[in-house]
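Descriptive structure summary
Given next are the chains, with one letter for each unit.
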Amino acid sequence: MGKPFPRVLVLLATHNGFSWLPEQTGSLLRQQDVDLKLLISDDASSDGTGAWLKNLAASDSRVTLLPTAGPFGSAAKNFYRLLKDADWEGAQYVAFSDQDDIWHHDKLARSIALLESQGADAVSSNVVAVWPDGCRALVHKAQPQRKFDYLFEAAGPGCTYVMTVAFAREVRLQVDKLVALGRGLPAHHDWFCYALCRARGGKWLMDAVPTMEYRQHGGNEVGANSGARAARQRFMKIRSGWYRTEVLFMLRVSRESKPADPRLKVLALRLERGNFWDRCLLALQASQFRRRWRDRMALAFFFLSAWFWGGRQPS
């Protein structure tokens, strides 16, 4: 007999996804060379999604629908619920799934092969964005990692993440700890996972080969981040101070992790204080903070302009 297929638990967060779920769940349940279980959490859908998912779970023993909860109000909060309530008994790997993509048939098998061959904790991949008019574009997020990029950006689309169950348990423990301390959770679960892995000295792989069709539509919570509208939204988030708050959150979590990098203390001080020399030094370090060169240039500009601090001029 051959080697047993790797056992994967896929966590699927849904909200009013009736239009996309049949194709997406079909692509999940047709994954090749894996033993797959699908765990779903629906965030108070009002478009028939809940009833459709109940029928799916009743017709396929691989599918489990968690009891209704929420409303959560964001995909990240729904994923945190999945991490908290998942039963990982027997699972070797854990994957995140959005409700509106179409996975390539070998997505999981390819990702797991990379994890096993390189002894890594997690892997993400590029995707192909697809618009309703048929336009397609590669979303390239697999640039070489930088020293501190995990503090300033995620590894790529969270819907591509595949993690070892050992690392997924670490994520859940950290989530439980933050909740118990009343510190809240970051707005992006995928960025949080990447930051936690890198801060603890883990190995994260970025696969340049696209593993899914990343369908774009009016209901995307994040989407492909392309075009003038997306650029404006990113600018407004930075100018509001939201981005700095998230970066500081990742820094605090990273400094508490082991092994901790003493350079994080200096970086945190500069980001919190933000005087003229801090801004200059941060701008000079921007090449360590983002993977894509144009993002580094933009971040350096935001540091120097003080917009990174919510548009105010730090003292």
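Below is a short write-up of the structure.

**With respect to the state of the cysteines**
For the coordinates displayed, the defined rule picks out 0 disulfides. In this structure Cys159 is a free cysteine whose sulfur lies 13 Å from that of Cys193, the closest cysteine sulfur available. Residue classification places Cys159 among the buried residues on the basis of a relative accessible area of 1%. Cys193 forms no disulfide, and the closest cysteine sulfur to it belongs to Cys197, at a distance of 9.1 Å.

**Points about the environment of Leu251**
Relative to the helices and strands, Leu251 is located in helix H8 (residues 242-256). Leu251 gets classed as buried once you look at its relative accessible area, which sits at 1%. Among all residues touching Leu251, those that are not within four sequence positions of it are Leu151, Leu264, Leu267, Ala268 and Leu271.

**Considerations on unusual backbone geometry**
The bulk of non-glycine residues show a negative phi, and the bulk of peptide bonds are trans. Not every positive phi belongs to a glycine, and Asp33 is a case in point at roughly 65 degrees. Mapped onto the elements of the fold, Asp33 is located in the loop between helix H1 (21-29) and strand E2 (35-42). When its relative accessible area of 45% is taken as the criterion, Asp33 is described as partly exposed. The phi dihedral of Ala44 is positive, around 50 degrees, even though this residue is not glycine. Position of Ala44 among the secondary structure elements: in the loop between E2 and helix H2 (49-59). According to the relative accessible area criterion, Ala44 is partly exposed, its value standing at 34%.

What counts, and at which threshold
Residues numbered from 1 in each chain as written. Predicted model: local features only at pLDDT ≥ 70, side-chain atom pairs only at ≥ 80, totals over all residues. Heavy atoms only, no water. Disulfide = S-S within 2.5 Å. Buried < 20%, exposed > 50% of the residue type's maximum accessible area, 1.4 Å probe, protein only. Helix = DSSP H or I, 4+ residues; strand = E, 2+ residues; numbered from the N terminus. Contact = heavy atoms within 4.5 Å.

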